[in-house]
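# Architecture and fold: a report
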Amino acid sequence: ALLFASAAMLMVGCEPEPVPEPEKDPFEGASLAVKLVGADITTATISVSAEVLQVVAYTIAPAEGTTTPTAAEIFEKGSLVALEKEGATQVTLRSLEAETEYVLHLAGRISATEVWDQVKEFKFKTAAEPVIPVLTAKLIGTDATSAEIQLYAENVSRIAYITTPLNEDGSMPNTPNL
């Protein structure tokens, strides 16, 4: 009977070890969004917004042949974005090449040492340089009934012209609107 009493005391006197709560993911609810606001020949403006993340960094490169860096590499080699407390932050990317597809890689962190392992990839293309037609006319010579004109054209597929005799005083006559 003594043995049963000792066993009962041992069971009553022992409390089970507490089960540790699972660690909460510090990045729970984290998100990173980017959109193109506008792009021209040499600049682009993007809008960056984040949830949970305190700091965002990005790298930018021509899309062709670019591999995706790790989040740590983005923070090591990239540019930081000073996030607005609320809403989206606009970032202007400068010194881009015309008519080129670019890829942005973005990463976020919640502290200096806690970097989110997700990398956001975003592609966009800059505008083409405008093609400006150039037409130059050079007067080669004239006589009583004719004029020789040499035309130089760049980025022009057709040239149309009209000849009109001058008034006796050398002024232009009224010409129809073309």
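Look up a bit, the structure's there.
These lines cover the structure that appears in this document, whether it is placed above or below. Just so we're clear, the structure is a prediction, and the values are computed from it rather than from any experiment.

Procedures and definitions
Residues numbered from 1 in each chain as written. Predicted model: local features only at pLDDT ≥ 70, side-chain atom pairs only at ≥ 80, totals over all residues. Heavy atoms only, no water. Helix = DSSP H or I, 4+ residues; strand = E, 2+ residues; numbered from the N terminus. Buried < 20%, exposed > 50% of the residue type's maximum accessible area, 1.4 Å probe, protein only. Areas by Shrake-Rupley, 256 points an atom, 1.4 Å probe, with all protein chains shown as cover. Pairing = 2+ DSSP bridges. Axes fitted to C-alpha atoms, helices over the stretch in contact; angles between N-to-C directions.

## A word on the overall build of the protein
- Scanning the protein for helices and strands turns up two helices and nine strands.
- Taken from the N to the C terminus, the helices and strands of the protein come in the order α-β-β-β-α-β-β-β-β-β-β.
- Here the protein holds 178 residues, and the buried ones make up 21% of them.
- Of the roughly 13,800 Å² of accessible surface on the protein, a fraction of 52% belongs to carbon and sulfur atoms.

## Side note on the sheet that holds strand S4 (residues 79-81)
- Spatially, the four strands line up as an open sheet ordered S4-S3-S6-S7, and their pairing is antiparallel. Edge positions in the sheet fall to S4 and strand S7 (120-125), since each has one partner strand and no second. Neighbour-to-neighbour, the strand axes of the sheet open up by a mean angle of 30°, direction not taken into account.
- Judged from the eight bridges that link them, strand S3 (residues 55-62) and strand S6 (residues 101-109) form a sheet pairing that is antiparallel. Looking at the pairing, isoleucine 60 lines up with leucine 104 of S6.

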